[in-house]
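Architecture and fold: a report
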Amino acid sequence: MRMPTADHPPGKETSPQMRPDTVREMSERCTRCGVCRKNCAFLREYGLPADIAAGYGNNPAVARAAAFACSLCGLCTAVCPEDLDPARMFLDLRRDAFASGKGDFAAHSRLLNYEKRGTSKRYTWYSLPADCETVFFPGCTLPGARPETTRRLYERLRADDATVGIVLDCCCKPSHDLGRQEYFEAMFSELRRYLLTAGVRNVLVACTNCFAIFSQYGEGLVVKTVYEYLAARACIPEKQHSGIVTVHDPCVIRMEAGIHDAARTLIRAHGLTIREMEHSGKRTVCCGEGGAAGCVAGDLARQWGRLRIREARGDRILTYCAGCAGSLSILTPTDHLLDLLFEPERTLAGKALVSRAPVTYLNRLRLKRRLRKNSSGARTRERTFVLAPQANRKRPWFRLLFLMAVLSAVAGTGLAGISQ
């Protein structure tokens, strides 16, 4: 396999960094037992975590580049008998690479542009009613792929509490996982400070990636998934259904048993039987999108999807991450848990309404427009805080190509999910 290569010519590194502590710990404590490599194509290709850590001393650039082929899914950490955290080491190596001027890949530009739009004035919208202490944070992917579901879920939350607000914004997890820590912290901290200053104390998320970010960096804010919220209310569906499904637990919340249980509670409430895959819960696997590994090591990333196909054995997969749903649905019948909750018949028939890019961008804009029109918020804003990502290339022709793609998609497929 060709080693991922950062887009810089050979030469002296800028801002050389000290070896991350996780690299030293891995070198000293890893016994090379091989348990982590059993189900990981990345480790089978690049070597055991201890081998990669040891190689850092001889050639840091090789170890750093290898880290970008890892999905950061954390399965290695979950199964390590020595309680080591290889996934954290690979994230630290990415941060080390970026700080040293060797972490800028052209292959990541599309993802970073997606993130940049998600935090822009055009796509963001904050609507906080009077006395708002709780906001719904749907994330980036759900509003684009399932705008009507997003809107209905928000209305469901407001039916319980009219003071619940909504925030359309991006948590910047792509930058976080690509090692752009300074940019990530600046962007997320601005979001967090605004919410706290506005009196918000609770965040309900629909995206498990957002849950991970708010859990780790959202000091002062209590984060919970909408799945836990809904399961705790024990809502009984109007109609029961029969059938067997399986569940894909997003790898980013593999240690969150409470969220796993809540998802299954909601599924069983519809009368469905769950057949668990070999890898689930704490030992779940990546959908193939984790860590943006597919940008530089597509063949490795695709092996996760092939594993899921084998383990699903033809059963319909239900997951509660919009990114996972989008990735796996290309390979095998897969739906979002929210599809089941709001459109059970269509979902179980394989006809759930889901949009794909570039229509997803128009869906997000239309959802924002509708929410803005119907806003009763005492406090609203569009985000204008800007911090240029380090070494993120600007392509003046990108906007034109993007607009052409959107117009082409609209002409061919139309818009899904949001009524006027």
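Residues numbered from 1 in each chain as written. Predicted model: local features only at pLDDT ≥ 70, side-chain atom pairs only at ≥ 80, totals over all residues. Heavy atoms only, no water.

1. Observations regarding the overall build of the protein chain
- Broken down by element type, the protein chain carries 20 helices and ten strands.
- Across the 420 residues in the protein chain, those meeting the buried criterion constitute 54%.
- By sequence separation, contacts in the protein chain at least 24 residues apart represent 78% of the contacts at least 6 residues apart.
- A total of about 18700 Å² of accessible surface is found on the protein chain, and carbon and sulfur atoms cover 51% of it. (Helix = DSSP H or I, 4+ residues; strand = E, 2+ residues; numbered from the N terminus. Buried < 20%, exposed > 50% of the residue type's maximum accessible area, 1.4 Å probe, protein only. Contact = heavy atoms within 4.5 Å. Areas by Shrake-Rupley, 256 points an atom, 1.4 Å probe, with all protein chains shown as cover.)

2. As for the environment of arginine 372
- You can see arginine 372 is positioned in helix α19 (residues 359–373).
- Sequence separation between arginine 372 and tyrosine 126 is 246 residues; the distance between their C-alpha atoms is 8.9 Å.
- Sequence-distant contacts of arginine 372, that is, excluding residues within four places in its chain, are made with Trp125 and Glu382.

3. As for the packing of aromatic side chains
- Enumeration over the complete set of coordinates arrives at twelve aromatic pairs.
- Centre to centre, the rings of phenylalanine 136 and tyrosine 154 are 6.4 Å apart; their planes meet at 20°, and the pair counts as stacked. One end of the pair, phenylalanine 136, is in strand β2 (residues 134–137); the other, tyrosine 154, is in helix α9 (residues 147–160), with 18 residues separating them in the sequence. Grouping residues by exposure puts phenylalanine 136 and tyrosine 154 together as buried.
- Aromatic pair phenylalanine 184 and phenylalanine 188: ring centres 5.8 Å apart, planes at 15°, arrangement stacked. You can see phenylalanine 184 and its partner phenylalanine 188 sitting in helix α11 (residues 181–197), four residues apart, about one turn around the helix. (Phe/Tyr/Trp six-rings, centres within 6.5 Å; stacked < 30°, edge-to-face > 60°.)

4. Some thoughts on the packing of helix α3 (residues 49–58) against helix α4 (residues 60–67)
- Orientation of α3 relative to α4, taken along the N-to-C sense of each, is 140°, at an axis distance of 6 Å. Of the possible angle classes, the one that applies to α3 and α4 is oblique. Judged by residue contacts, Ile52, Gly55, Tyr56 and Asn58 of α3 engage Pro60, Ala63 and Arg64 from α4.
- Along the lines of polarity and charge, the residues of the contact of α3 with α4 split into four nonpolar, two polar and one charged. (Axes fitted to C-alpha atoms, helices over the stretch in contact; angles between N-to-C directions. Parallel < 35°, antiparallel > 145°, perpendicular 65-115°, else oblique. Nonpolar A, V, L, I, M, F, W, Y, C, P; charged D, E, K, R; others polar.)

5. Here we look at the confidence of the model for the protein chain
- For the protein chain, per-residue confidence averages 90 on the pLDDT scale, and 88% of positions sit at 70 or higher.
- For residues 391–396, every residue scores under 50 in pLDDT, and the model assigns this stretch ten contacts once sequence neighbours within four places are set aside.
- In this model residues 413–420 is a low-confidence stretch, pLDDT under 50, and it forms 23 contacts with partners more than four residues away in sequence or in other chains. (pLDDT = per-residue confidence, 0-100.)

6. Comments concerning the sheet that holds strand β4 (residues 202–205)
- Judged by pairing direction, the sheet is mixed, and its six strands sit side by side in the order β5-β4-β2-β3-β1-β10 without closing on themselves. A strand with exactly one partner marks an edge of an open sheet, and here the two such strands are β5 (222–225) and β10 (379–381). The average undirected angle you get between the axes of adjacent strands in this sheet is 20°.
- Strand direction decides the pairing type here: β4 and β5, joined by four bridges, are parallel. Within the sheet, the bridge partner assigned to valine 205 lies in β5 and is threonine 225.
- Docked against the sheet, α11 engages β1 (125–128), β2, β3 (165–168), β4 and β10, running at close to 165° with respect to β10. (Pairing = 2+ DSSP bridges.)

7. Quick look at the pairing of β2
- Burial along β2 is two-sided: the residues Thr134 and Phe136 and Val135 and Phe137 are all buried.
- Of the pairings in the sheet, the one linking β2 to β4 comprises four bridges and is parallel in character. Directly across from phenylalanine 137, in β4, lies its bridge partner valine 205.
- Pairing analysis gives two bridges linking β2 to β3, with the strands arranged parallel. By the bridge assignment, valine 135 is partnered in β3 with glycine 165.

8. Description of the sheet that holds strand β9 (residues 334–336)
- What the four strands build is an open sheet, ordered β7-β6-β8-β9; its pairing is parallel. Looking at strand neighbours, the two that pair on one side only are β7 (273–274) and β9, the edges of this open sheet.
- Note that strand β6 (residues 244–248) and strand β8 (residues 316–319) share four bridges and pair parallel. When the bridges of β8 are listed, histidine 248 appears paired with threonine 319.

9. Some thoughts on the pairing of β5
- The alternating pattern of β5 places Val223 and Thr225 on a buried face and Val222 and Lys224 on a face that is not buried.
- For the handedness criterion, the β-α-β arrangement of β4, helix α12 (residues 208–217) and β5 is classed as right-handed. (Right-handed = clockwise from strand over helix to strand, strands pointing away.)

10. Concerning the nonpolar core
- In this structure, Phe137, Leu195, Phe214, Tyr227 and Ile267 are the most contacted members of the largest nonpolar core, which totals 61 residues.
- With seven residues, the single largest contributor to this core is α11.
- In this structure leucine 195 touches Tyr126, Val167, Val200, Val203, Phe214 and Leu221, once residues within four positions along its chain are discounted.
- Met26, Cys30, Leu43 and Ala63 belong to the second largest nonpolar core, which has 38 residues in total. (Core = buried A, V, L, I, M, F, W, Y, C linked by side-chain atoms within 4.5 Å.)

11. Points about unusual backbone geometry
- Residue alanine 357 is joined to proline 358 through a cis peptide bond whose omega torsion reads 5°.
- Among the secondary structure elements, proline 358 is positioned in the loop between α18 (344–348) and α19.
- At cysteine 172, a residue that is not glycine, the phi angle is positive and equals roughly 70°.
- Within the secondary structure, cysteine 172 is located in the loop between β3 and α10 (173–177).
- Classification of cysteine 172 by relative accessible area gives buried; the value is 1%.

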